[in-house]
Amino acid sequence: VLDKNGEQIAVFGESELVRPTGLVFDEQEMELYVADTGADVIKVYDQQGTLQRSIGSKGAGDLQCTLSVIDWSRLREFNLR
């Protein structure tokens, strides 16, 4: 995590993330969604950087995916909780 000047102020997910490639912050729920393409899941963190849950798994079934590209604009269309 960087401050407005680009200085590192915190670190999270080092032991949990394989290859994070995308981020989106949900201001209503105050959660950070991270596309972990190395694990083929979306990981959800709270404001303190604590992993709350993982969404999906590798595959082609319901809530399964191979994350090479994720359309963040469609994230709200799914009931991911």
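Note that the coordinates shown come from a computational prediction; the quantities given were computed from them, not determined experimentally. (Residues numbered from 1 in each chain as written. Predicted model: local features only at pLDDT ≥ 70, side-chain atom pairs only at ≥ 80, totals over all residues. Heavy atoms only, no water.)

Caption draft 1: Just the environment of lysine 43, in detail. Inspection of the secondary structure assignment puts lysine 43 in strand 3 (residues 41–45). A residue is classified by how much of its surface remains accessible, and lysine 43, at 7% relative accessible area, is buried. Put simply, lysine 43 and tyrosine 33 are ten residues apart on the chain and 5.8 Å apart in space, counted from C-alpha to C-alpha. Not counting chain neighbours up to four residues away, the residues in contact with lysine 43 comprise Glu16, Leu17, Leu32, Tyr33, Val34, Asp36, Leu51, Arg53 and Ser54. (Helix = DSSP H or I, 4+ residues; strand = E, 2+ residues; numbered from the N terminus. Buried < 20%, exposed > 50% of the residue type's maximum accessible area, 1.4 Å probe, protein only. Contact = heavy atoms within 4.5 Å.)

Caption draft 2: Inspection of the confidence of the model for the chain at higher detail. Chain-level pLDDT for the chain is 79 on average; 72% of the residues reach the 70-or-more range. With pLDDT under 50 throughout, residues 76–81 is counted as low confidence; its partners more than four residues away or in other chains account for ten contacts. (pLDDT = per-residue confidence, 0-100.)

Caption draft 3: Inspection of the sheet that holds strand 2 (residues 31–36) at higher detail. With antiparallel pairing, the four strands of this open sheet are ordered in space as 1-2-3-4. The open sheet has two free edges, formed respectively by strand 1 (20–26) and strand 4 (51–55), since each of these has just one partner strand. Across the sheet, the mean angle separating the axes of adjacent strands is 20 degrees when strand polarity is ignored. Of the pairings in the sheet, the one linking strand 2 to strand 3 comprises five bridges and is antiparallel in character. The partner of tyrosine 33 across the bridge, within strand 3, is valine 44. (Pairing = 2+ DSSP bridges. Axes fitted to C-alpha atoms, helices over the stretch in contact; angles between N-to-C directions.)

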